[in-house]
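# Overview (structure and organization)
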Amino acid sequence: YKGQDILVDAWPAVRDEHPRAELHLVGIGYPPLYEDIPGIKIRGYVENLPDVLGSMSLYIQPSRVDNFPVSVLEALRAGLPALVTETTGNKKIIEKIDDDLIVEPDSERLAAGVSRYFNHTNSKKDKLSTQARSKGHTFDSDSRKAAFKTAFNEVLTEIQQRN
């Protein structure tokens, strides 16, 4: 359901337009044959994800369906714009950055979204990075706990008022 296979299928089309584009797959369990595709590297398990994210220009969450993947938030916190599918819960955050970073979960749309991002000027990419970091920093532990506590207390108050 994570859609990595869709992204891998999209990569040759990305490389047609951007021959030097590289896709780095982080995590375990990828078929080794993915590395037979030009421009794809399997990084495997990485000890320090922020360092890896900091060296990239775009994060891609190609999920067929996904509630609210934390990896998107980690990318945003690192100042990395995220391309997500419309079936990913994070799309509500990403649409506040740029609607063009939301695509349908298929190879053609993913390739088009990646290429569209790579075609941006450096100043546009810098602006998206700044916006990503700004949105990402709202997802720190303390503020999320406080928001949960507030929402929970609001639900309790509403229940008490109904009784």
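Refer to the structure printed above.
Residues numbered from 1 in each chain as written. Predicted model: local features only at pLDDT ≥ 70, side-chain atom pairs only at ≥ 80, totals over all residues. Heavy atoms only, no water.

## Section: the packing of aromatic side chains
Applying the stated criterion across every chain yields a total of four aromatic pairs. Where Tyr30 meets Tyr34, the ring centres are 6.3 Å apart and the plane angle is 45 degrees; that geometry is what we call tilted. You can call Tyr30 buried: its relative accessible area is 18%. Among the residues examined, Tyr34 registers a relative accessible area of 13% and is labelled buried. Relative to Phe139, the ring of Phe68 has its centre 6.1 Å away and its plane inclined at 45 degrees; by these criteria the two rings are tilted. Here the residue Phe68 occupies a position in the loop between β3 (59-61) and α3 (70-77), and Phe139 occupies one in the loop between α6 (122-136) and α7 (141-162), the gap between them amounting to 71 residues. (Phe/Tyr/Trp six-rings, centres within 6.5 Å; stacked < 30°, edge-to-face > 60°. Buried < 20%, exposed > 50% of the residue type's maximum accessible area, 1.4 Å probe, protein only. Helix = DSSP H or I, 4+ residues; strand = E, 2+ residues; numbered from the N terminus.)

## A word on the nonpolar core
In this structure, Trp11, Ile60, Leu76, Leu83, Ile94 and Val114 are the most contacted members of the largest nonpolar core, which totals 37 residues. With six residues, the single largest contributor to this core is helix α1 (residues 4-17). Leu76 has contacts with Ala82, Ile93, Ile94, Ile97, Ala132, Arg133 and Gly136, leaving out every residue within four places of it along the chain. (Core = buried A, V, L, I, M, F, W, Y, C linked by side-chain atoms within 4.5 Å. Contact = heavy atoms within 4.5 Å.)

## What to know about a nonpolar patch on the surface
A contiguous nonpolar surface patch, about 480 Å² in accessible area, is contributed by Phe148, Phe152, Val155, Leu156 and Ile159. For Phe152, a relative accessible area of 45% gives the class partly exposed. (Patch = residues over 30% accessible without salt bridge, like charges linked within 9 Å, V, L, I, M, F, W, Y side chains within 5 Å. Areas by Shrake-Rupley, 256 points an atom, 1.4 Å probe, with all protein chains shown as cover. Salt bridge = Lys/Arg side-chain N within 4 Å of Asp/Glu carboxyl O.)

## Observations concerning the pattern of salt bridges
Here the structure, examined in full by the defined rule, presents six salt bridges. A salt bridge links Asp66 to Lys2; the shortest N-O distance between them is 2.8 Å. With Asp66 in the loop between β3 and α3 and Lys2 in the segment before α1, this pair connects stretches of sequence that are 64 residues apart. Residue classification places Asp66 among the buried residues on the basis of a relative accessible area of 11%. Among the ionic pairs, Lys124 bridges to Asp98, the shortest N-O distance being 3.4 Å. Here the residue Lys124 occupies a position in helix α6, and Asp98 occupies one in the loop between α4 (91-94) and β5 (102-103), the gap between them amounting to 26 residues. Taking the relative accessible area as the measure of exposure, Lys124 reaches 28% and is therefore partly exposed. A single salt-bridge network, built from bridges that share partners, covers Glu104, Glu108 and Arg109.

## Section: the pairing of strand β4 (residues 82-85)
On any regular strand, side chains alternate: one points to one face of the sheet, the next to the other face. What you see with β4 is no split at all: Ala82 and Val84 on one side and Leu83 and Thr85 on the other are buried throughout. Examined bridge by bridge, β3 and β4 share three bridges and lie parallel to one another. Considered in β4, the bridge of Gln61 is made with Val84. Of the crossover connections in this fold, the one passing from β3 over α3 to the parallel β4 is right-handed. As paired strands, β4 and β5 are joined by two bridges and run parallel to one another. Of the residues in β5, the one forming a bridge with Thr85 is Val103. (Pairing = 2+ DSSP bridges. Right-handed = clockwise from strand over helix to strand, strands pointing away.)

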